[in-house]
Amino acid sequence: MTIAKDSRSVVDFQAVWSEMDLPQHVTEVLSAAPLVQIPETRLQLLDWSLGRPTGTTDWTLGNRDDHGVYEAIFYVPGRPNGQGRVVEAVVTKARNGLAINFPDPAMRRRDPDAMVIGDALPTDKPTYEERFGETFAKTRQQTLDWLKTQELVVVPFYAGTDVLGYGSLLIVPRQAAFFAAALADLQGMIPRSQVPGDFKISGGVLFVAPPFRHTHFGGRQVVVHDRTVSHQEVFAYNLYPGPSAKKGVYSMLLDIGEREGWTTNHCAAVAVVTPYENQLILMHEGASGGGKSEMTEHIHRMEDGRLLLGRNVVTGEERTLNLPEACHLRPIADDMACAHPTYQRPHGRLTIADAEDAWFVRVDHIHSYGTAPNLERLCIDPPEPLIFLNHYIVPGGTCLTWEHVEDAPGKLCPNPRVILPRRMLEDIAAGPKAVDVRSFGVRCPATHKESQLYGILAMIHVLSPALAWLWRLVAPRGHANPSIQAQKTKEMQSEGVGSYWAFATGRRVDQANLLLRQIVETPETRYVLIPNQHIGAWKVGFMAEWIAREYLARRGSAKFGREQVSEAGCPLLGYIPNQLRVEGSMIPRVFLRVEEQIQGGPEVYEEGARQWREFFARELKQFQVPELDALGQRIIEACLDGAHQEDYRKLIPHPMFRDDM
């Protein structure tokens, strides 16, 4: 059969993959495998996830009789006494979808050290040879040889938005078909009969081989990134989709952008529509756990409708707010947004589009019914079966967002997730959107006289563009991050450039330059800094960002006057509004002037400021290399020399205040 090369034609990939323009080793793996299955529909993948033939599962919500449980079993050679049989995951059919659970608690969230680089291209990341004492070539070939012996599921998809056309491929053992279902939800899949005739690999290939984590890597999560001049290949040796199906594809996009001169921002974005029908596009960035998903979430209320602004961890005092009508939310992106050059326009604002087809929503904050009614309603009664991870489930029962598995008796897993396809979400704002405000989220610990830490951020800070760039370079991971495995040190950690450094494979300086260029070229986008979890001695959860969202939307395009803000005591924190008024209600001053809190005071504030200064100094020094843009060099030097707000404003003189010329 001759395959048409016209991009408007489509082919049945199952029938003609051997004639497609695929890398030779990919073709060799698929040719040798005893079975290759390529899905036409999502429900096929859900059936296969339970080890069933296509069309044999009744997915109607009312089906109480199907108690299906399937174990993703792999055999590890060389283990004595029958220990070679390993259950990597348990797939349970629920009334509302599939519940995926991992017997090994270490596989339930991303290991921050999972990434290693298998190639010889420029990188600042640990290489395979540095970590394991040999090149990746041998293990790579062993992986390909093992896959040749397996029944396989293959999923064609596009990395990033479909219109960009970065063709990619997943190759996974059939007994781990749930992984293919998760990726097909997260990234979207191309049905086998609808693959373009000119499809080629320009994004990447993702290979999955779970037994190798036991035979080669001591049971650890390891994901090897093997770059070529045309695409990236990701070799995933575990089945938790976070570091591979999600962040591995993110890595592909970052590599593409590095080659082409753009980046994919680590952010959530939302169109916030006020009760008066004004709209603000807000893009919230930050490290994992920094509040990205929460920025698109409806504000949480107490039983009587009030908002709990915070609870003092020392005195137990509570502060509340009455907000009769919150803004309407039109979600744009949840975690990754392509800022592709073709999206940019001359209006001076950064323009982005969602890089994903579904959202990997963490629900660790939901511990009881009614915490997040809209999300709970969607998950309990979805229009299509959903995929849940790290949730307790009785076979045949309903998977509930507030019932999480335990890592140990009495210790809940901090990373329960649900994958929500965009098409199931209400009032999505689709297509490229121009950003009015870029916020940056920081997880902050309780900070007071008995716990003198770095939680000195006010409810909202206004940043100059130069200072906003520095925050993206250091990207603090912050307090009690639930998304990754626990760190051995209590010292503040960094997720680096743009908060996506954990997923990038190249050099820090290249990403730093891309982010700086992005900020310089978008003078009409403004910048704020927002804490979550704590403001000084007050436990606030994500209420600070929800209040900031309401406040900023009501301000709309209006810039602050200079008289409306004051410089923060710590210069790294920019400016603080003198007051916040939302629908006639004033936000208490304790949430704006942390140094005035009775439980802390100026000495505690200064200790927190010292910790921030040392953190910035430590993290920024690694960017002082000759390849850094000259403007970036000046900004970092100014910071290390103790710059103040006017110093930062002069370095990137974008209009910040309404009286700026």
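Worth saying up front: this structure is predicted, and the values here are computed from it rather than measured.

## With respect to the pairing of strand E24 (residues 417-421)
Among the five residues that make up E24, five are buried, leaving the element largely enclosed by the rest of the structure. Where strand E20 (residues 358-362) and E24 come together, five bridges link them in antiparallel fashion. Note that in E24 the partner of Arg362 across the bridge is Arg417. The pairing of strand E21 (residues 386-389) with E24 spans three bridges and is antiparallel. Directly across from Phe388, in E24, lies its bridge partner Val418.

## What about the sheet that holds strand E4 (residues 85-94)?
If you walk across this open sheet you meet the six strands as E3-E4-E5-E21-E24-E20, and the pairing is mixed. The strands lining the two open edges of the sheet, one partner per strand, are strand E3 (69-75) and E20. The average angle at which neighbouring strand axes cross in this sheet is 20°, direction not considered. Taken together, the seven bridges between E3 and E4 define a ladder with antiparallel strand orientation. Along E4, the bridge assignment pairs Glu71 with Val90.

## Describing the layout of surface pockets
Of the pockets and cavities examined, the largest pocket occupies roughly 800 Å³. As for the largest pocket, its lining consists of 27 residues, of which His300, His365, Thr371, Lys539 and Gly541 are closest to the centre. Only strand E15 (307-312), strand E29 (538-541) and helix H13 (543-555) provide two or more residues apiece to the lining of the largest pocket. Here the lining of the largest pocket is built from residues that sort into eleven nonpolar, ten polar and six charged.

## Some points on the packing of helix H6 (residues 177-187) against helix H8 (residues 242-260)
To characterise two packed helices, one gives the angle between the axes of the helices and the distance between these axes. Interhelical geometry of H6 versus H8 gives an angle of 35° and a closest axis separation of 9 Å. Every pair of crossing elements has a handedness; the one defined by H6 and H8 is right-handed. Contacts from Phe179, Leu183, Leu186 and Gln187 of H6 reach H8 at Ser244, Ala245, Lys246 and Val249. When grouped by side-chain class, the residues that make up the contact of H6 with H8 number five nonpolar, two polar and one charged.

## Topic: the packing of aromatic side chains
Tallying each qualifying case throughout the model produces 29 aromatic pairs. A ring pair is formed by Tyr128 and Phe217, whose centres lie 6.3 Å apart and whose planes are at 85°; its orientation type is edge-to-face. Of this pair, Tyr128 sits in helix H4 (residues 128-132) while Phe217 sits in the loop between helix H7 (212-215) and strand E11 (223-227); the two residues are 89 residues apart in sequence, bridging distant segments of the chain. There is no split in this pair, since Tyr128 and Phe217 are both buried. Geometrically, the ring pair formed by Phe542 and Trp546 is tilted, given 6.5 Å between the ring centres and 45° between the ring planes. Residues Phe542 and Trp546 agree in their burial class; the two are buried. One aromatic cluster is present, formed by Phe74, Tyr128, Phe132, Phe136, Trp146, Phe207, Phe212, Phe217, Phe235 and Tyr237 through successive ring pairs. A cation sits over an aromatic face here: Lys125 above Trp501, 4.5 Å from the ring centre.

Quick notes on the rules
Residues numbered from 1 in each chain as written. Predicted model: local features only at pLDDT ≥ 70, side-chain atom pairs only at ≥ 80, totals over all residues. Heavy atoms only, no water. Buried < 20%, exposed > 50% of the residue type's maximum accessible area, 1.4 Å probe, protein only. Helix = DSSP H or I, 4+ residues; strand = E, 2+ residues; numbered from the N terminus. Pairing = 2+ DSSP bridges. Axes fitted to C-alpha atoms, helices over the stretch in contact; angles between N-to-C directions. 1 Å grid on protein atoms, 1.4 Å probe; cavity = no way out; pocket = protein on both sides within 12 Å on 5 of 7 lines; lining within 4 Å. Points joined across faces, edges and corners; volume = space filled by probe spheres on them. Nonpolar A, V, L, I, M, F, W, Y, C, P; charged D, E, K, R; others polar. Left-handed = near helix turned anticlockwise from the far one by under 90°. Contact = heavy atoms within 4.5 Å. Phe/Tyr/Trp six-rings, centres within 6.5 Å; stacked < 30°, edge-to-face > 60°. Lys NZ or Arg CZ within 6 Å of the ring centre and 35° of its normal.

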